[in-house]
Amino acid sequence: MRERNEDAFLTLPKHAFFAVADGLGGLPEGSLASSLAVDCLQKWFQAPGRNGKLDLKALFNLANNRVHDEGRVVSSEVGIGTTLTAFKLNRTQIEVAHVGDSGLYLFRSGQPPRQLTTDHTMAEEMRARLRPGDNIYIPDYYTHTLTRCIGQAGEIEVDIFTAPVRNGDRLLLYTDGLTKVMTNDEVDSEIWMDNSPERLVQRLIKIANDRGGPDNITCIAVFL
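Counting starts from 1 at the beginning of each chain's written sequence and moves along it residue by residue. For this predicted model, a pLDDT threshold of at least 70 governs which residues receive local features, and a threshold of 80 or more governs which side-chain atom pairs are given and counted, while totals over whole chains, interfaces and linings are taken from all residues. By convention in this description, side-chain values take in all heavy atoms of the structure and omit both hydrogens and water.

K.L.:
Just to check I follow, could you spell out the sheet that holds strand S4 (residues 93–99) for this structure?
P.N.:
Through backbone hydrogen bonds, the strands of a sheet pair up, either in parallel or in antiparallel fashion. Pairing within the open sheet is antiparallel, and its five strands lie in the order S1-S2-S3-S4-S7. Strands with a single pairing partner mark the edges of an open sheet, and in this sheet they are strand S1 (7–12) and strand S7 (159–164). Geometrically, the sheet is characterised by an average inter-axis angle of 10° between neighbouring strands, direction not taken into account. Pairing between strands is defined by DSSP: at least two bridges between the two strands are required. For helices the rule is a DSSP run of H or I covering at least 4 residues; for strands it is a run of E covering at least 2, with both sets numbered from the N terminus onward. Where S1 and strand S2 (residues 17–22) come together, six bridges link them in antiparallel fashion. Within S2, the residue paired with Leu10 across the bridge is Ala19. Each of S1, S2 and strand S3 (84–90) is contacted by helix H1 (residues 30–46), which is oriented at about 15° to S1, the strand it contacts most. Where helices are involved, their axes are fitted lines through C-alpha atoms of the stretch in contact, as for all axes, and angles between N-to-C directions lie from 0 to 180°. We call two residues in contact whenever any of their non-hydrogen atoms come within 4.5 Å of each other.

K.L.:
What's the story with the sheet that holds strand S6 (residues 114–115) in this structure? I'm lost.
P.N.:
If you walk across this open sheet you meet the four strands as S6-S5-S8-S9, and the pairing is antiparallel. The open sheet has two edge strands with one neighbour each: S6 and strand S9 (219–223). Bridge analysis of strand S8 (residues 170–174) against S9 gives five bridges, and the strand direction is antiparallel. Looking at the pairing, Leu171 lines up with Val222 of S9. Across the sheet, helix H5 (residues 184–191) is in contact with strand S5 (103–107), S8 and S9; its angle to S5 comes to roughly 55°. Along the sheet face, helix H6 (residues 197–210) touches S8 and S9 and points at about 150° away from the line of S9.

K.L.:
Explain the layout of surface pockets here, please?
P.N.:
Once rolled over the atoms, a probe with the size of a water molecule shows which space is left empty. Using only the protein atoms, space was sampled on a 1 Å grid; points where a 1.4 Å probe fits but cannot get out form cavities, open sets with protein on both sides within 12 Å along at least five of seven lines form pockets, and lining residues are those with an atom within 4 Å of a point. Grid points are joined across faces, edges and corners, and a volume is the space filled by probe spheres set on the points. In this structure, the largest pocket spans a volume of roughly 310 Å³. Elements with a minimum of two residues in the lining of the largest pocket: helix H3 (122–129) and helix H4 (176–179). Examining the composition of the lining of the largest pocket, we find that three residues originate from one element, H3, more than from any other. Gly is placed with the polar residues, together with every amino acid not listed as nonpolar (Ala, Val, Leu, Ile, Met, Phe, Trp, Tyr, Cys and Pro) or charged (Asp, Glu, Lys and Arg). In terms of residue class, the lining of the largest pocket is made up of four nonpolar, nine polar and seven charged. In this structure, the second largest pocket encloses a volume near 230 Å³. Lining the second largest pocket are 13 residues, with Gly23, Leu24, Gly25, His144 and Asp176 sitting closest to its centre. Classifying every residue of the lining of the second largest pocket gives two nonpolar, five polar and six charged.

And the structure:
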């Protein structure tokens, strides 16, 4: 349904590093914001003689500063912004960095799918404050109203965490064009249909588009 694709992605198998970004449609130049963010990550890994320890928090703040500075040029009043979710595979665990409402699923045979990331939206913040038994109305647009993104502030809070992984696990990085039209269980059923991450991604994007494709859809599948 969108005239422009404002998503961007990065796959660096040599470094076991992967990222997705979704430019904010409510701000100018969403495609610029997302491409700047992933380009910043890529340049760090591909810098000549790179042998320093990866600091995802510092790297995300570097991307945030780049997008923030460019946003002041593009629109001094509102700037530009993007989500950004990435992970680095280190043998038996992944290190994850996350800002916004793109995200990362972990699928393990015999277990329910796990969304490793938490959406930084008004809806999730409201749910987090609920006590057992509380029941409140959350407007639908709160589900897509971000409380945190790359590029809107000079400093950004980044979720940084690790998660154990093992042989047979399947990981899926995604932008919310997928999760707007598919449930966790539906994605889980698709993830085990064959052993090709390429075919999985193509199938997921086709399903999302067949259901109206209300937003840009980007997925990266990594099978361990």
